[in-house]
Amino acid sequence: MVLVRLFASSLFLMSLVESQPTQSSRQPSAPPHPAGEQSPLGTDNLSFPWSRLRLPRYIIPLHYHLLLHPNLTSLRFTGSVQIQIDVQNNTNWVVLHSKGLQISKATIVDQNLAGPSDKIGIFSSRVLSSGQKYFLNIEFGAELSEGFYGFYRSTYRTSTGVTRALASTHFEPTSARMAFPCFDEPSFKANFSLRIRRSPEYISLSNMPVVNTFEVNNGVLEDHFDASVKMSTYLVAFVICDFKSVTARTSSGVQVSVYASPEKWPQTRYALEVAVKMLDFYGEYFNIHYPLPKQDLIAIPDFQSGAMENWGLTTYRETSLLFDPLTSTVSDELWVTMVIGHELAHQWFGNLVTMEWWNDIWLNEGFARYMEYISVEATYPDLKVEEYLLDTCFSAVGHDSLNSSRPISSPAENPTQIKQMFDTVSYDKGACVLHMLRHFLTDDVFQRGIVRYLRRYSYRNAHNQDLWDSLANTCSEEDFISGKHCYSSSQASKNAYLFAGEHMDLTAMMNTWTLQKGVPLVTVTRKGPNLLLRQDRFLRTVLPSDSLWSALQHGFLWHIPLTYKTDASGTIHRHLMTTQTDSIHIGEGVSWVKVNTDMTGYYVVHYEDGGWDEMTELLRENHSALSYKDRTHLIHNAFQLVTAGHLPLNKGLDLIGYLPMETHTVPLLQGLGYLEAFYRMIEKRNELEVVSNLRRHILRFFRAVIDRQTWSDGGSVSERRLRSKLLSLACYLDDPRCLERAQASFTDWLQSNGTLNLPTDVAETVFSVGAQDDRGWASLLHTYNISLSAAQKSQILFALTCSRDAKKLSRLLELGLEGKVIRSQDLSSLILMVARNPQGHHLAWNFVKKNWDTLVQKFQLGSFCIRNIIIGTTGQFSSPEELTEVKLFFESIKEQVSQLRASQVALDNVQKNVHWFQRNLHTMRNWLNKTLQ
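Now for a description of the structure that goes with this document. (Residues numbered from 1 in each chain as written. Predicted model: local features only at pLDDT ≥ 70, side-chain atom pairs only at ≥ 80, totals over all residues. Heavy atoms only, no water.)

**Points about the environment of Pro407**
This is how it is decided: Helix and strand definitions here come from DSSP, where helices need a minimum of 4 consecutive H or I residues and strands a minimum of 2 consecutive E residues; each element is numbered from the N-terminal end. Here's how the labels work: a residue is buried when its accessible area is under 20% of the maximum for its type, exposed when over 50%, partly exposed in between, all with a 1.4 Å probe on protein chains only. Every residue pair with non-hydrogen atoms within 4.5 Å of one another is taken to be in contact.
By the element assignment, Pro407 lies in the loop between helix H4 (386-400) and helix H5 (415-419). Its relative accessible area of 21% is what places Pro407 among the partly exposed residues. Distance in space between the C-alpha atoms of Pro407 and Gln516 is 4.8 Å, their sequence separation being 109 residues. Once residues lying within four places of it in the same chain are set aside, the contact partners of Pro407 are Val425, Thr514, Leu515, Gln516 and Lys517.

Rendered as C-alpha cells:
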C-alpha cells in the first residue's frame, strides 16, 4: 500500500456538546486510567497534553456524522463532523488526529492546541466524566490534496482533449486525518454516517449506498449514505466523479458495480464478472455472508498503489481493474483477477477482522495475498494461478536472505515506520508461511480455523496469538467455562497437533516464523540409511568463513515442517525439525531424496556431498520423476546457493542442462530467468567476451523452443506466458529471426496509423523493436499520449524505455517528473524500466540523486514507490566503485536514510552482486568457453 507521512497540523476550534449530562463539573483528582496512561488534566500550563505517538485509550469514538462538500473547480473542500465519544476516564482533554485541515466555524469554543506532528488536543473547561457520552462538533476545510493520499484530486482526459476532474480518497494507513478530524488508529472502530454535497453533473460514492438525495441550494445536491458497519477509519472512502458503471448481483443479492471514466466504461465487464464470482466464493469459503448491501469497484486515473480495500468501495489503479480484450494480455487478465481477489478477500481479512496495530499488518496483507491464489484457483482454474505462487515465495526468500530483512511481526510506531510494513515480508512471506501452515494442518483444518478466527473477532481487532488460538481451537478460560466448543488456554498443550507421529505446539512453531527474521537453510547429507539434517540461517551476503557468520547465526532456530519424497515410493513423508541438527531414517536402496516437496515449506535446501550431482543426473535421465514444482524448486535453490557461495556456479549451470527436454513452462521460465539475470548484470560491466558468449549460449540452448513459438495469441495461459517471455528475450538478444518478424509487424502497425490490433502476447516485443528508430519511437509516444487502454499504455511505456538512445531515455524521465504526458503514478516504474536498460543504468541513478527531494515530496518517505526506486536503481550495481557511490549518496541524505530499511536492503543487494562477480565471473567465462566449443 502507498501511504503518506504526516507532518505538523493546524490549530482547531472544537465544540464539545454532551449527549448525556455530566454527573459532576468539578475538577477531579487523580482519576483512574489504564496502565501506563495518564489522563491529562488542568489548564495552568497549556502545553500539548499528550506526548506519545499513539492516542490515549480512554476516549472511544462510537459514531461519526460527517458532511463533506468538495468543489472540483476551486479544488477545495469544506466539511463538518460530529463524533460521538465514550469517555472512560475523567479528563478535560480530548486528543485526536488531524492534518492540514483549517477550522472555519465553531459554535462553542473552549481551548485547543495543535499537537506534535498530526494530533490536536481539545480542552474542555467542564470535566468530561467517566462513563458518559459526548459529541465533538468540528467544522473544517482544506484544499484537495496533491498526490495520492487523504482526500485528493485526480483528472482524466477525454478523446477530444477535455480534462475532467474528480476527487477520491486513499486513507491507509494514516491519512484519514487529512480528510476529517478522527481517531485514526485501527483499533478505534466506529460507525460512519456520511453526507456529501455535489453538483448535479457528478455522482458521489461511499462505503454504503445512498438512501436519500436532497437539493440544498443553488442546484447543489446532498447525498445521504446509509450508516456503515463498525470499521476502522482507514477503510472509509468517498469519490465524487462523473463515471459510468455496470452492475450485477451475487447469488445472495449483493449489488456489485464497477465504475470507470465514460470512455473506458466498456473495459469494466470482465471485472464485474470476476467480482461477482469472488464474492460468492468468499461468502461460501468463509461461511460468513458479505455484510454490506453493495460492493463498488472503481478505477481511479491517479492511483499510486495497485488497489485499496475500502469496505464496500474498493479503489483501483486502472491497470488493476480494466480489461480491454483487444489490447490486454493474458498476464493482464490474470493480474486483474488476482487484484480483485486480493481486495475482496480483505472485506473479511482486514475489514471484518482488523489487526490491533500495524505491527501485525501481515494478518491483513499476508492473508489477502494468499487468498488470491486460493480464490483464483477455485473460480478461474484455466488461469493456472498456482504456477505463480512459487514466484511469490521465491521473491520472499530473496528478500529474507539479506540481513536487512525483518520479522513478519515487527515494531512500527510512527507513520514512516508503518508505511514500510507494506513490503515483501508482510505480503509475500506472509502468504508463503500461511501456505506452509495450510499444508501442515491440511486444507480442512486450516479453513475451519480461519472461519473460527473470523467469527470470533468479527468487527473487532486481533493479534498474531488470536490466529494461532483459533487454528488450534483454544480460547479464554471464561469461554471454556461457559461451555463454548474450544480448548482452554491452559489445555493448549493437550491440543497439540500430531505431525509425523510427533506432538507440537502451534504457537511455539509459528512464533519461530513470525517473530524472527530470515529463512532457514536445511543442509541434507546422506549417510547409509539415514538422512542427516542441519539448519542454519540462509544468508546471501555472508559466507561461513566470514568473521560475521557466527554472530549473524546466533539465536536463530525454526520449527520446520519438513517434507520429502524418495524414488522408493510416491508417499510424501513428513518430519518436524525443531533442533539445530536432526536425522531421518529413509532405509536402504534409496537412489534419491527430494526435500521440501513442491516447495510447500518456506526453506532452502542444500544437498551436500554429491547430492547436487545426483539431482543433476536425475533431471537429465528422468526429469518427470519430479513434479514441475519440484524441478522449479531445485533450479531456484541451486542458484540461490550459488549466490550465497555454497555451490559453484558450474553446478547450477549443469543442473539446468536438461531444460531443452523440459515440457512445462514454469521450470523453463525459472532457468531462463536466471540466465537472463546473469546476462543483464554482466552486460553492464563491459565484459564483452562473456556477454557475447552468454548471448550465443542462451539463443543456442533455447533455439528449438524459440522456433516453436508463434506470433499469435493461441494456446493455454502457460503457453502464452512462455511465448511472451521467450520472444521478448530473443529480440533483446538480437536474434535475427526474431528481429525480422517483429520489425515486419511493427511496420504493418505503423502503416495502419496504430489501428492494427497486434496479438497481445507479442505486442510489447513488437513495440520494443519498433522503438529503436526515431520514427518508431515518436509514433509510439504519440499513441501512448492518446490511448484509452491502460494495458496498451503500459506496453508502450516499456517499449519506449528500451531505446538505446540516452537522450530519449532522459526525455522520458523528465516527462515522468513533469507528470502530464506520463502520470506521476507511473514515475517510479518508469525509473526502474530505464535502469534495466544498459544505456539508462547510471542515467536513472543520477536522475534519482538529482531529484531526490522532489521524489520524496511526490511519493512520501517510506512509501513503496521510494522503496522500489532505491532498491531498483541500485539493484544491478555490481562493482566496489558503485557500492562506494551508493554509500556516499546515502551518507548525504543520512537523516532520511536512517528512517528507511530500503537503504540497507539496497546496500545488501549491491554487496551481494559484488560478491557474485568476485566468485563467479571466472567460472562463467570458463564454463561458456567449454560449452561453446
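Moving on, there is more to tell.
**Let's talk about the pattern of salt bridges**
Convention followed: Basic side-chain nitrogens of Lys or Arg form a salt bridge, by our definition, when they fall within 4 Å of a carboxyl oxygen of Asp or Glu.
This structure, assessed with the given rule, holds 39 salt bridges. Salt-bridge contacts for Asp536 lead to Arg534; the nearest nitrogen and oxygen are separated by 2.9 Å. Classification of Arg534 by relative accessible area gives partly exposed; the value is 33%.

**As for the pairing of strand E13 (residues 210-217)**
Rules: In this scheme, strands are said to pair when DSSP sees at least two bridges between them.
Where E13 lies against strand E14 (residues 220-225), 6 bridges are found, and the strand directions are antiparallel. In the sheet register, Phe214 faces E14, and the bridge partner there is Glu222. The turn linking E13 back onto E14 is made up of 2 residues, and Asn218 within it adopts a positive phi angle of 50 degrees.

**Remarks on the packing of helix H2 (residues 330-346) against helix H3 (residues 362-379)**
Note the cut-off: Helix axes are fitted to C-alpha atoms over the stretch in contact, other axes to C-alpha atoms as well, and angles between N-to-C directions run from 0 to 180 degrees. In these notes the angle categories are as follows: under 35 degrees is roughly parallel, over 145 is roughly antiparallel, 65 to 115 is roughly perpendicular, and the rest is oblique. We call a crossing left-handed when the near helix sits turned anticlockwise from the far one by less than a right angle, and right-handed when that turn is clockwise. When residues are sorted by character, Ala, Val, Leu, Ile, Met, Phe, Trp, Tyr, Cys and Pro go into the nonpolar class, Asp, Glu, Lys and Arg into the charged class, and all the rest, Gly among them, into the polar class.
Close contact between H2 and H3 brings their axes to 8 Å; oriented N to C, the two are set at 130 degrees. As the angle between them shows, H2 and H3 are arranged oblique. Judged by the sense of rotation from one axis to the other, the crossing of H2 with H3 is right-handed. The segment H2 lies against H3, with Leu334, Thr337, Met338, Gly341, His342, Ala345 and His346 engaging Asn364, Glu365, Ala368, Arg369, Met371, Glu372, Tyr373, Ser375 and Val376. In terms of residue class, the contact of H2 with H3 is built from 7 nonpolar, 6 polar and 3 charged.

**Some words on the side chain of Arg631**
In this fold, Arg631 is placed in helix H13 (residues 628-644). For Arg631, a relative accessible area of 6% puts it in the buried group.

**Quick notes on the sheet that holds strand E32 (residues 593-595)**
On the basis of which strands lie adjacent, the open sheet formed by 3 strands has the order E30-E29-E32 and antiparallel pairing. Of all the strands in the sheet, just strand E30 (569-577) and E32 have a single pairing partner and so form its edges. Strand-to-strand twist in this sheet, taken as the mean axis angle between neighbours without regard to direction, amounts to 25 degrees. Where strand E29 (residues 560-566) and E30 come together, 6 bridges link them in antiparallel fashion. Paired with Tyr564 across the two strands is His573, which belongs to E30.

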